[in-house]
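Descriptive analysis of the structure
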Amino acid sequence: MLKLYNSLTKKQEEIKIDQDDVKIYLCGPTVQSSPHLGHGRSAVVFDFFIRYLKYLNYSVLFARNITDIDDKIIEKSQEKNISYRELGDNVWKEFVLAHENLNCLVPDIEPRATAYIPEIIKYIEQLVQNGFGYVTSSGVYYDVSKFEEYLELSGRSIEDVRTGTRVETEDDKKRAEDFALWKFSKENEPFWDSPWGNGRPGWHIECSTMISETLGKTIDFHCGGIDLIFPHHENEIAQSKGVDINENFANYWLHNGMLNLSGKKMSKSDGNVKLLNEYIDEYGGDVVRFFFLRAHYRSPQEFSEQLLIETKKTLNNLAEFTKDVVAEPNDNDTVDVFIKCMNDDMNTPKLLGEIFEKIKDTSNLDKESTLKIKQTVKFIFEILGFELDTSKQNIVEEKLLSKFFAKYDIQFNDIETAMSEFSLKREDFRLNKKYGEADKMREDLLEIGIVMNDGENVGWYWKNS
């Protein structure tokens, strides 16, 4: 039986839902800047989850939103001297490319916040009518004192909230902890008409409205990064209960842990980010995807390029192990291991450990038993969204080599021709006694795994595959 950790109840629970009507909402990106690895992790871990539900024959309706209007988008678009819509469209294309290269399933519904402005206004009107919203000179705010269950998800206290750094601090609010439902527009900012004045929606109200409009008042799984628990998800609950106190809103709350760089949380605000598409270009989407499989989705995950390199080698070994076999669930023990690990709160690191033990044990098995395990391993990884295709690695290597040689105005068609041109350019430096430049070319070459020797018959060779 599938068991998952529910962030609301703070415990692992047996999942009890209508298998024929599963509604999932994942908080998608705010399209202000290029996707980083943290965005990739959230997209991939919940893609594992959805794929596994489908394997278990759950009928899934999956929605992931696009936040295309908020303060940060406006600030960034003004910096670039383009419209908020142009910025959002450009950034969203980068996210689409990343999701595609990571082999993430396309959501059934991808609502944009700006497409739901009339519905958002109606939602706010209901909150005001129910006594949860009030109007000031700067906007419309949610009165959190009216909602007794506020902070139940995050477990914070009001004192924590009042001293927190992410709380809005407009002077005309009743309390520091109250949050914006509608913000009146300032000069040169985009706006929409509303009963209270020209403005735009607050961040939290967008998701509450889009969930209600696309999936209904109650959904099964609300997913997102752990950094969204407060204030975003906390405020979504307050809003939904403010409209209909009897609705459950979300049966289960699932949150993925953050990525760390040298022990620090990866975040845009701290400037501590790595661009996702750069790593996909260099290592391949399958490698980045497999990297996220290595850690439990709820745990913090340490990132380094060395770990990506190790991940690449591991994935290559899996591809070689399953090469030229058809994906079939022919080994029952291996299938049982898969189900047991995934049913235990999607314990993917344990799953990997168990699978590698199975692979190791094949050295003592006959050909038929080994073949069954190979077929089953390939079957499992296909369920999880991996192709395990050795030919794909060659494509990634060619992209890397093409990018490298382009720096020296060398068009890459094949390694022999490119290296011949590279050697001639480097030899010109040596003949003109520009040894520093020649040494720098050799050092650059070594970084991509090619060794060039001077004064030796071997010339150059691959250091590693």
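Here's what I pulled together on the structure shown here. (Residues numbered from 1 in each chain as written. Predicted model: local features only at pLDDT ≥ 70, side-chain atom pairs only at ≥ 80, totals over all residues. Heavy atoms only, no water.)

Brief notes about the sheet that holds strand E10 (residues 250–256)
Within the open sheet, the four strands sit side by side as E4-E3-E9-E10. Their pairing is parallel. Unpaired on one side and paired on the other, strand E4 (60–64) and E10 mark the two borders of the sheet. Each strand of the sheet is rotated relative to its neighbour by a mean of 20 degrees, with strand direction disregarded. Bridge count between strand E9 (residues 219–225) and E10: six bridges; the pairing is parallel. Paired with Phe221 across the bridge in E10 is Tyr252. The strands touched by helix H1 (residues 37–55) are strand E3 (22–26), E4, E9 and E10; relative to E10, the strand with the most contacts, the crossing angle is about 135 degrees. Helix-sheet contacts for helix H6 (residues 203–214) involve E3, E4 and E9, and the interaxial angle to E3 is about 155 degrees. (Pairing = 2+ DSSP bridges. Helix = DSSP H or I, 4+ residues; strand = E, 2+ residues; numbered from the N terminus. Axes fitted to C-alpha atoms, helices over the stretch in contact; angles between N-to-C directions. Contact = heavy atoms within 4.5 Å.)

Observations regarding helix H9 (residues 285–293)
Along H9, nine of the nine residues are buried, which leaves the element largely enclosed by surrounding structure. When we look at burial in H9, the residues that qualify are Gly285, Asp286, Val287, Val288, Arg289, Phe290, Phe291, Phe292 and Leu293. (Buried < 20%, exposed > 50% of the residue type's maximum accessible area, 1.4 Å probe, protein only.)

Focus: the packing of aromatic side chains
Applying the stated rule across the entire model yields 28 aromatic pairs. A ring pair is formed by Phe290 and Phe386, whose centres lie 5.7 Å apart and whose planes are at 75 degrees; its orientation type is edge-to-face. Highlighted residues: Phe290 in helix H9 and Phe386 in the loop between helix H13 (367–383) and helix H14 (390–406), separated in sequence by 96 residues. Taking relative accessible area as the criterion, Phe290 reaches 1% and is therefore assigned buried. (Phe/Tyr/Trp six-rings, centres within 6.5 Å; stacked < 30°, edge-to-face > 60°.)

Digging into the side chain of Arg289
Structurally, the position occupied by Arg289 is in helix H9. Judged by its relative accessible area of 0%, Arg289 is buried. Ignoring anything within four residues of it in the chain, the contact list for Arg289 reads Val44, Asp47, Phe48, Arg51, Leu102, Asn103, Cys104, Leu384, Gly385 and Phe386.

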